[in-house]
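In case you want the letters, here they are:
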Amino acid sequence: QVQLVESGGGLVQAGGSLRLSCAASGNISLTNAIGWFRQVPGKQRELVAFIGNSGNIHYADAVKGRFTISRDNSKNTYLQMNSLKPEDTAVYYCAAQDRRTWYYDYWGQGTQVTVSS
């Protein structure tokens, strides 16, 4: 099993920045990527960005040029969010992709990001 804990959410004004952190523990060798997702009440959870163990990175079009995903080791992953907009308001989750299933099977509890206009 893999455990994930997010931190760094909060309230920020439009145009501001936040840095989210995701700390992984447990059997991390089971995973091959970490993704950041976000969800607004009444809407589907959406992928914001992911980073693979090989360093490959993908961003959703809505955040390209504003958000940066990074890892400092196999345990810690970050999402630097700049030029935040009110539409970025959501609960942000980090998730780990299981190398056996290729699904994001492990999820953190989520952290709220609120961007005021």
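Refer to the structure above for everything that follows.
Residues numbered from 1 in each chain as written. Predicted model: local features only at pLDDT ≥ 70, side-chain atom pairs only at ≥ 80, totals over all residues. Heavy atoms only, no water.

(A) Quick look at the sheet that holds strand E3 (residues 18-26). Spatially, the four strands line up as an open sheet ordered E1-E3-E8-E7, and their pairing is antiparallel. Every interior strand has two partners, whereas the edge strands, strand E1 (2-7) and strand E7 (67-71), have only one. Averaged over all pairs of adjacent strands, the angle between strand axes in this sheet comes to 15°, irrespective of strand direction. Relative to strand E8 (residues 76-81), E7 is paired through five bridges, and the arrangement is antiparallel. (Pairing = 2+ DSSP bridges. Helix = DSSP H or I, 4+ residues; strand = E, 2+ residues; numbered from the N terminus. Axes fitted to C-alpha atoms, helices over the stretch in contact; angles between N-to-C directions.)

(B) Looking closely at the pairing of strand E4 (residues 31-39). Among the nine residues of E4, eight are classified as buried, and the element is accordingly described as predominantly covered. Sheet topology note: the E4/strand E9 (residues 90-98) ladder contains eight bridges and is antiparallel. Directly across from Trp36, in E9, lies its bridge partner Cys94. Bridge count for E4 against strand E5 (residues 46-52) is six bridges, and the pairing is antiparallel. Bridge assignment links Trp36 to a residue of E5, and that residue is Ala49. The turn joining E4 and E5, which pair antiparallel and follow one another in sequence, is formed by six residues; a positive phi near 85° is taken by Gly42. (Buried < 20%, exposed > 50% of the residue type's maximum accessible area, 1.4 Å probe, protein only.)

Limitation: the analysis is restricted to geometry and does not speak to function.
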